[in-house]
Amino acid sequence: MISYQQITIEQVLPLRQKILRPHQSVEECRYDCDHFEQVCHWGALDHNKVIAIATIFPERHTDIAANNPWRLRGMACDENYQGQGIGGIILERCLEHIRQQDGDLLWCNGRTPAFNFYKRFGFTTFGDEFTIEGIGPHYIMMKPLS
């Protein structure tokens, strides 16, 4: 049975490295935001094995107007569990948490291959596709929560 819960950064890092940044060490996969006061790491666990992750925290985007915007980073699902709706449940948990904090927008630098995933959950693009060196093409994706 899969459980969904807040987890620690130490639980997040191995999957973040494996799926999102395999060319880096686990320690290089730490984000500055990982220790922010309001950061929240969500995980899906199958028998205590972390199989999906997402990190959310309050952060403004300089070009997107919002009163209490939050950012999503490092969303990933183990390849053996993709296509089963697990990522969608993690995203819903993130959105629920943000709404409880009176957040009015969630935005992310979504990888281009994940474009349709975000679109299914009501995200729209902001601006043109861009490339993050060493990682690949992205879009800024956003979802108003009001």
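Placed above this text is the structure.
Since the model is a prediction, treat every value here as computed from it, not as a measurement.

Parameters and conventions
- Residues numbered from 1 in each chain as written.
- Predicted model: local features only at pLDDT ≥ 70, side-chain atom pairs only at ≥ 80, totals over all residues.
- Heavy atoms only, no water.
- Buried < 20%, exposed > 50% of the residue type's maximum accessible area, 1.4 Å probe, protein only.
- Helix = DSSP H or I, 4+ residues; strand = E, 2+ residues; numbered from the N terminus.
- Right-handed = clockwise from strand over helix to strand, strands pointing away.
- Salt bridge = Lys/Arg side-chain N within 4 Å of Asp/Glu carboxyl O.
- Pairing = 2+ DSSP bridges.
- Axes fitted to C-alpha atoms, helices over the stretch in contact; angles between N-to-C directions.
- Contact = heavy atoms within 4.5 Å.
- Disulfide = S-S within 2.5 Å.
- Phe/Tyr/Trp six-rings, centres within 6.5 Å; stacked < 30°, edge-to-face > 60°.

> Account for the pairing of strand S4 (residues 69-77), with residues named and values stated.
Where burial is concerned, most of S4 is hidden: 8 out of the 9 residues are buried. Note that the unit made of S4, helix H2 (residues 86-100) and strand S5 (residues 105-111) has a crossover that is right-handed.

> Give me the pattern of salt bridges: which residues, what numbers.
Under the counting rule described, the total for this entry stands at 6 salt bridges. The partner of arginine 30 in a salt bridge is glutamate 10, and the shortest N-O contact between them spans 2.9 Å. With arginine 30 in the loop between helix H1 (9-20) and strand S2 (40-46) and glutamate 10 in helix H1, the pair connects residues that are 20 residues apart, well separated along the chain. The residue aspartate 78 makes a salt bridge to lysine 18 at a minimum N-O spacing of 3.0 Å.

> Summarise the sheet that holds strand S1 (residues 2-6); cite the residues concerned and give the values.
The 7 strands lie next to each other as S1-S2-S3-S4-S5-S7-S6, forming an open sheet whose pairing is mixed. Each edge of the open sheet carries a strand with a single partner, namely S1 and strand S6 (124-132). Ignoring strand direction, the axes of neighbouring strands in this sheet form an average angle of 20 degrees. Against the sheet, H2 touches S1, S2, strand S3 (49-58), S4, S5 and strand S7 (136-144), its axis set at about 30 degrees to S3.

> Run through the environment of cysteine 40, naming residues and quoting values.
For cysteine 40, the position within the fold is in strand S2. We classify cysteine 40 as buried; its relative accessible area is 1%. Measuring from C-alpha to C-alpha, the distance between cysteine 40 and isoleucine 51 comes to 17 Å, with 11 residues separating the pair along the chain. Non-local contacts of cysteine 40, meaning those with residues more than four positions away in its chain, are made with Gln6, Ala54, Thr55, Ile56 and His97.

> Describe the state of the cysteines, listing the residues and the values that go with them.
Going through the model one piece at a time under the given rule, you end up with 0 disulfides. Of the cysteine sulfurs around cysteine 33, a residue in no disulfide, the closest is that of cysteine 40, at 12 Å. Among the residues examined, cysteine 33 registers a relative accessible area of 3% and is labelled buried. Lacking any disulfide linkage, cysteine 40 is separated from the closest cysteine sulfur, that of cysteine 94, by 6.7 Å.

> Provide a residue-level description of the packing of aromatic side chains, including the pertinent values.
Tallied over the full model, the rule gives 5 aromatic pairs. Centre to centre, the rings of phenylalanine 36 and phenylalanine 57 are 5.6 Å apart; their planes meet at 85 degrees, and the pair counts as edge-to-face. Within this pair, whereas phenylalanine 36 is found in the loop between H1 and S2, its partner phenylalanine 57 is found in strand S3, the two being separated by 21 residues in sequence. Exposure remark for phenylalanine 36: the relative accessible area of 37% places this residue in the partly exposed category. For phenylalanine 57, a relative accessible area of 1% gives the class buried. Between phenylalanine 117 and tyrosine 118, the aromatic rings sit 5.3 Å apart at their centres with planes inclined by 75 degrees, giving edge-to-face as the arrangement. Of the two residues, phenylalanine 117 and tyrosine 118, neither departs from the other in class, the shared state being buried.

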